[in-house]
Amino acid sequence: MNASRIALVTGANQGLGRALAEGLAARMDPDDLVLLTGRSHQRVADAAREVAQLPGTRGHVQGQVLDVTDTDDIARLADELRARHGGVDVVLSNAVARLLPEESQAERADEFIDVSNTATHAILRSFGPVLRPGGRLIVVASSLGTLGHLDPRLHHLFDGASLDQVEYAVESWRSAIHNRTAEEAGWPRWLNVPSKVAQVAAVRAVAAERREHDLADGTLIASVCPGMVDTATSRPWFSDFSQAQSPSEAARAVLDLVFTEHVDPALYGELIRFGKALPWHDGTPPVEQDRLLRP
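Model, not experiment: these values are computed from the prediction.

Draft legend 1. How the structure looks around the packing of helix α1 (residues 15-27) against helix α9 (residues 247-259). Direction vectors running N to C along α1 and α9 enclose 50°, while the axes themselves pass 8 Å from each other. Considering the angle they form, α1 stands oblique to α9. At the point where α1 passes α9, the crossing takes the right-handed sense. Here G15, L16, A19, L20, E22, G23, L24 and R27 of α1 lie close against α9, whose contacting residues are P247, S248, A250, A251, R252, V254, L255, D256, V258 and F259. Split by residue class, the contact of α1 with α9 holds 11 nonpolar, three polar and four charged.

Right under this line is the structure:
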C-alpha cells in the first residue's frame, strides 16, 4: 500500500493504546495507514480487524507484530518503514507492563523496565531519525514523571541528561534493585515513579538536541500524561475512579496533539497534560505509596 501518512501505536491491543489506534483511524484519511502493534500475532490481528470494522474508521488499519522489549525488532521496523514509505508521521509509544500492588517490585523490575524504559529509549533512537517533517513522536507517561517525585539525591541523574546518560541511570537503578541497595540510594520502591521520570527525561534529552530544527518544520516530540484512565492496569492502584476517564476519553487530548496544526514551542519536549506543560521540577516523593508495596 502506498500510504500518504504512516502512524504507529505500541501497546495497542487494549486500553488506551487501542483507543489511540481507533482515534487515529477515525481522524486520518483513507490513504493513510495506522499500524496497530503488540507482541501477540493473534491479538494484534484481532484488534486490527475490529478497529478496521468500526463505523467511524477512515484510515487503513494494519496489525504489526512488534516486541518492544526487543530493541533490534524496533530498529528493524523503523528501517522497514523508512525503506517502504520514506519514514513515519506519527509514533505513539504507549506500551506498559501490568503490575499489581501485591507483587514484588524487585521481582517484576526487569520486565517493567524493559517494557517502559528500554523500549522508550529504542523507539526514540530508531524512530526519531525516520520521523518525517511535521511528524509527531509522543511517549505516553504520567504526571509522576516530573523530577520532584524522586529523592533529591537522584535529581542529577536525569536533570539535563543526554539520552545515553538517562539510559545509564536506568541501568544503574536496575542493578541497585538486584543488589538490594536501591532504597538506601534513594530510589522509591514503587517502580512506576523512576520509570516515568526516566521516560520524560529521555524525551527531554532527544528533544533538546532537535528543538530548533523540529520547531522550524512543525515537528513535535513530547511526553504526555493522559490523566487517570480506567483500565485494568490502573484499577488495582487507586480506590476512587469517580473522576477517571474511559480510554476513549483519555485518548482525545493525546490525539489533539497529533492533529494540531501548529506546534506550540512551550509544549515541545515537555510532559503535557490536557494541553499544558507540567513543570519538570515539581512533584513530591510518594513515600506513603512505598509503605504499601512489597520490596
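Following the structure, the description resumes.
Draft legend 2. How the structure looks around helix α6 (residues 163-179). Here α6 spans 24 Å end to end across 17 residues, near enough to the 24 Å set by a 1.5 Å rise per residue. Listed in full, the buried residues belonging to α6 are L163, V166, A169, V170, W173, R174, A176 and I177. The arc that holds the buried residues of α6, viewed along the axis, is 160°, so those residues lie on one side. Set apart from the buried face of α6 by more than 90 degrees, the exposed residues are D164, Y168 and N179. Those residues of α6 hidden inside the fold are in contact with α4 (105-127), α5 (155-158), α7 (182-185) and α8 (192-217). Immediately beyond the C-terminal end of α6, within one or two residues, lies R180, with a positive phi of roughly 60°.

Draft legend 3. Inspection of the nonpolar core at higher detail. Of all hydrophobic cores here, the largest spans 96 residues; its most connected members are L20, L24, L92, F127 and F158. The leading source of residues in this core is α8, at 10 residues. Discounting chain neighbours no more than four positions away, the residues touching L92 are L8, V9, T10, L20, L24, I138, V254 and V258.

What counts, and at which threshold
- Residues numbered from 1 in each chain as written.
- Predicted model: local features only at pLDDT ≥ 70, side-chain atom pairs only at ≥ 80, totals over all residues.
- Heavy atoms only, no water.
- Axes fitted to C-alpha atoms, helices over the stretch in contact; angles between N-to-C directions.
- Helix = DSSP H or I, 4+ residues; strand = E, 2+ residues; numbered from the N terminus.
- Parallel < 35°, antiparallel > 145°, perpendicular 65-115°, else oblique.
- Left-handed = near helix turned anticlockwise from the far one by under 90°.
- Contact = heavy atoms within 4.5 Å.
- Nonpolar A, V, L, I, M, F, W, Y, C, P; charged D, E, K, R; others polar.
- Expected span 1.5 Å × (residues − 1).
- Buried < 20%, exposed > 50% of the residue type's maximum accessible area, 1.4 Å probe, protein only.
- Arc of directions from axis to C-beta.
- Core = buried A, V, L, I, M, F, W, Y, C linked by side-chain atoms within 4.5 Å.

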